[in-house]
Amino acid sequence: MSKIGFSELANSFAARKLFFFTRILSILLLAFLAYASINFSGQLWKTDFANVTYSAGRMVEDGKVTELYLNPSKNNFDNSAFNLYTHRCLELMPVTSTTAFLYPPFIALMAKFFACFPLRTAFVIWQSFCVFALLLSTIFISKTTNKHWDSFFFLSILFGPVFHLLFEGQMDLVMVLLPLSFGYFLFQRKKAILAGLVWSILSLKPQFFPVIFLFIGSYAISGRLKALYGFTIGIFSSAVINIFCFGPKIATAWFMLLRAHVVLSDNIYPASRYLVSSLPMKLFEQSSFEFKPVLHTLVYFFGTVLFVQALFLCRQLIRTAKTDEESVAPLILILGIAILPIVARYLLFYDLGVFALAGMLIFGVKSLRANKRLITDVFIAWILMDLYMIGFISMKSASIQSRILIALLVWIYIRVFITVKKYRQELANHSETSLAG
């Protein structure tokens, strides 16, 4: 056997061993989640599913819809009707814990389904929905690449933020990752209007809008407006649905809560500051009250400049690609995900689960997979995020500083931005060479 042949065989064997190991570890983690949900139901009050989604569903079931949202003038969640109701609903929840319902009325109506079951059963059902949403997401992305879905699925389970999403029972896998993946699949199938319609589901978690604004915006200013049309129709439809759920009064109460920036309070999670995962949120959290108005202006100005810079880079990328506009879509979506922690006003650690989609594209798209430097960066970032999660789970929260995570996320954005810029230049050089030939 030649030296080259032996090397290829060794690499193939190592790859199979790695895949087998990750699959077994992922299955064990899923089994652990199921076991913990069933056998440690007394601790479920700590999950976001229990003290937000399930409690909202119970509230709707009990006919207390009018008490879902805090009056913005009170600006205090401690004595809100929702917080007091949640403590009655979850008897083991400590008095010092505070919760709030910040989602639109449609989510509360959806949560009513889970209120029909005991908390433990409802949590297992919801986790099953989340795992299925992740599975569908990996299938959609696999159909746009030459990779099989199982590689994406099992590796995603091992990604710290995704595991944290499942552990907390958060909604991102269903309301963010699945719509983004399905919309991307439709866009690559040249169904841009349907893609925009699907992406409008992100209005249920508006902190993720920067991802899709960059994607749709860059194509729109390049003259490709179909996705924007679909997105606009979807946003209008979402508004109508939320109004019809419980009436315009409840929908207005939710909107006023957003407008008053109560949902963006820097003190919603005083005991969980290690979860803070966006640069603006971190800066506002650490600033004194008198400096916040000036800081708001500076941070929003800086974020706008960065976003516009990324927007016009993507526009150049699309124009350089000319008629093959779908070929640069993966890079634009990855850049949109990477910029999210730099410009989003509100983002927590589990929200970084959306980076699993960026990882799928980087490992799945042939031209990106050939970029060994980018692959190395992604692997390092994945390991560091997992270590960060292990750190805040195993240590006291005060021992983990979110500025470490923020620095990592800024580094990721810089690396992705440089990669996109280099790719655009290579594409331009290739076009010039073709014309010269």
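The preceding data block contains the structure.
Bear in mind the structure is a predicted one, so any value in this text is a computation, not a measurement. (Residues numbered from 1 in each chain as written. Predicted model: local features only at pLDDT ≥ 70, side-chain atom pairs only at ≥ 80, totals over all residues. Heavy atoms only, no water.)

1. A word on a nonpolar patch on the surface
To be explicit about the condition: Patch rule: a residue counts if its relative accessible area is over 30% and it has no salt bridge; like charges are joined within 9 Å, and nonpolar side chains (Val, Leu, Ile, Met, Phe, Trp, Tyr) within 5 Å. Working definition of accessibility: Shrake-Rupley area with a 1.4 Å probe, residue cover restricted to the visible protein chains. Throughout this description, the term salt bridge denotes a Lys or Arg side-chain nitrogen within 4 Å of a carboxyl oxygen of Asp or Glu. Put simply, DSSP H or I for four residues or longer makes a helix, DSSP E for two residues or longer makes a strand, and each gets a number counted from the N terminus. Exposure is judged per residue with a 1.4 Å probe applied to protein chains only, and the accessible area is read against the type maximum: over 50% gives exposed, under 20% gives buried, and values in between give partly exposed.
Taken together, the side chains of F379, I380, I383, L384, L387, I390 and W411 make up a nonpolar region of the molecular surface, amounting to roughly 610 Å² of accessible area. Ranked by residue count, the leading element in the nonpolar patch is helix α18 (residues 372-394), at 6 residues. Of note, W411 is situated in helix α19 (residues 402-436). A residue is classified by how much of its surface remains accessible, and W411, at 30% relative accessible area, is partly exposed.

2. What to know about the nonpolar core
Side chains of nonpolar character tend, in soluble globular proteins, to be buried together. Using the following cut-off: Take the buried Ala, Val, Leu, Ile, Met, Phe, Trp, Tyr and Cys residues and link them wherever side-chain atoms come within 4.5 Å; each set so joined is a nonpolar core. Every residue pair with non-hydrogen atoms within 4.5 Å of one another is taken to be in contact.
Ranked by size, the top nonpolar core spans 137 residues in total, and within it L68, F101, L180, W199 and L335 carry the most contacts. If you tally residues by element for this core, the top one is helix α15 (residues 329-343), at 12 residues. Discounting residues that sit within four places of it in the chain, F101 has contacts with V52, A56, L68, Y69, F82, I107, A108 and L257.

3. Considering the packing of aromatic side chains
In plain terms, the rule: The rule is short: rings of Phe, Tyr and Trp, with Trp giving its six-membered ring, pair when the centres are within 6.5 Å, and they are stacked under 30 degrees, edge-to-face over 60, tilted in between.
Tallied over the entire structure, the rule returns 33 aromatic pairs. With a centroid separation of 6.0 Å and an interplanar angle of 75 degrees, the aromatic rings of F209 and F231 are classed as edge-to-face. Taken together, the residues span a long stretch of sequence, with F209 in helix α10 (residues 209-220) and F231 in helix α11 (residues 226-246) at a distance of 22 residues. As far as burial versus exposure is concerned, F209 and F231 are alike and both buried. Through a chain of ring-to-ring contacts, three or more aromatic side chains come together here, namely F49, Y54, F113, F114, F117, F123, W126 and F129.

4. Remarks on the pattern of salt bridges
The tally for this structure, following the rule as stated, stands at 5 salt bridges. One salt bridge in this structure joins D150 and R23, with 2.8 Å as the shortest N-O distance. Of this pair, D150 sits in helix α6 (residues 149-157) while R23 sits in helix α1 (residues 3-39), and the two are 127 residues apart along the sequence. D150 sits in the buried class, given a relative accessible area of 13%. Residue R23 is classed as partly exposed on the basis of its relative accessible area of 28%. A salt bridge links D172 to K205; the shortest N-O distance between them is 2.5 Å. Within this pair, whereas D172 is found in helix α8 (residues 172-188), its partner K205 is found in the loop between α9 (192-199) and α10, the two being separated by 33 residues in sequence. Overall, K205 belongs to the buried group, its relative accessible area being 3%. Salt bridges linked by common partners bring D172, K205 and D351 together as one network.

5. Some points on α8
Along an α-helix, residues three or four apart share an orientation, since each turn contains 3.6 residues. We count it as follows: For a helix, the expected span equals 1.5 Å multiplied by the number of residues minus one. The bend at a residue is defined as the angle formed between two axes, one fitted to the seven residues ending at that residue and one fitted to the seven starting there.
Given a rise of 1.5 Å per residue, 17 residues ought to cover 24 Å, and the 23 Å separating the end C-alpha atoms of α8 matches this to within 8%. Most pronounced at L178, the bend in α8 amounts to some 30 degrees, and the proline P179 follows within four residues. Burial within α8 is extensive, with 15 of its 17 residues counted as buried.

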